[in-house]
Amino acid sequence: MCELLALSTSEPAQLTFSLHTLASRGSAKGGVHDGWGVAFYQGVDVALFREPQAAGDSALVRYLENEGPSTTLGVSHIRHATQGMVQFVNTQPFMRELGGHTHVFAHNGTLVNFQTNPTMALSGYSPVGQTDSEHAFCALLARLHTLWAGGSSPPPLEARMALLVAFAADMRALGPANFLYSDGDTLFAHGHRRIHADGEPAEPPGLWLLERVCMSAAPPPAHQDGVAIEAEAEEHDAMLIASVALTDEAWRPFNEGELVAVRQGKLLARHGGV
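What you are looking at is a predicted structure, and each value in this text was computed from that prediction instead of being measured. (Residues numbered from 1 in each chain as written. Predicted model: local features only at pLDDT ≥ 70, side-chain atom pairs only at ≥ 80, totals over all residues. Heavy atoms only, no water.)

Visitor: Tell me about the pattern of salt bridges, residues and numbers included.
Guide: Under the counting rule described, the total for this entry stands at 11 salt bridges. With a shortest N-O distance of 2.7 Å, Asp 170 and Arg 143 are connected by a salt bridge. You can see Asp 170 sitting in helix H4 (residues 157-172) and its partner Arg 143 sitting in helix H3 (residues 132-148), a full 27 residues away along the chain. Take Asp 170: its relative accessible area is 23%, and that puts it in the partly exposed class. The closest approach of N and O atoms between Glu 258 and Arg 270, which form a salt bridge, is 2.7 Å. Highlighted residues: Glu 258 in strand E13 (residues 258-263) and Arg 270 in strand E14 (residues 266-271), separated in sequence by 12 residues. By relative accessible area, which is 46% here, Arg 270 ends up partly exposed. Among the charged side chains, a network of salt bridges with common partners joins Arg 160, Asp 183, Asp 185 and Arg 263. (Salt bridge = Lys/Arg side-chain N within 4 Å of Asp/Glu carboxyl O. Helix = DSSP H or I, 4+ residues; strand = E, 2+ residues; numbered from the N terminus. Buried < 20%, exposed > 50% of the residue type's maximum accessible area, 1.4 Å probe, protein only.)

Set out below in structure tokens:
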């Protein structure tokens, strides 16, 4: 399956923490070689980099490891193609504007009958490519449209959470529905099920979460190799969300169907799961 990875921090940091891991998990030898992408939020806008090739073979990934922009919110995706051709147009994360903010979406899973299911109605938001993931993003934007109408300020968090809880439940009915979504103000992550290394049918956890307080003055411990977070501030909060636990730290697995909201490295809200 695809791999998801997100970072939220209280102070601007370089996203080099993910790119080493992104490249290794996206190597052709690892069997996941259909594309990669990373979105760096810059205020309400996004610097988006994508390629329909293995991240481990990408000169652009190597460049971003050294020269990538600082950000307080980043979303990464490694693609294993199940629907849609291996093309740039089908490479995640996907990005659209709504309410004066840049919205980003990345999905891990495969949805069935999504094109005809009424819960995935597009209502004027049309996919550019052929993937179930982009279709789901457009369906989400259709639901968010009214909520964001009338201004560029983010709607109340409670209203956004309620809408996303309902949307995630509808996605789960169609297949594995692990996703990362951000409106530039808040990062939302939903964990469901995924196919794990043993190859068994999809099962929880679909995502893992790690909270850190990072000290830039101290050298990173060995267990942070490959996921170091580089920031100018002496101390900052950071939250990592990934498809699998990436280090030997105390990652917490998502409950099945759990949705969280994160801002500046802190958990704002959490909804259920079973």
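That was the structure; now back to the text.
Visitor: Give me the lowdown on empty space enclosed by the protein, citing residues and values where you can.
Guide: The tally for this structure, following the rule as stated, stands at 2 cavities of 30 Å³ or more. By volume, the second largest cavity is sized at about 70 Å³. If you go around the second largest cavity, you meet 12 residues; those closest to its centre are Cys 2, Arg 79, Gln 92, Asp 132 and Ser 133. Of the residues belonging to the lining of the second largest cavity, the class tally is 2 nonpolar, 8 polar and 2 charged. (1 Å grid on protein atoms, 1.4 Å probe; cavity = no way out; pocket = protein on both sides within 12 Å on 5 of 7 lines; lining within 4 Å. Points joined across faces, edges and corners; volume = space filled by probe spheres on them. Nonpolar A, V, L, I, M, F, W, Y, C, P; charged D, E, K, R; others polar.)

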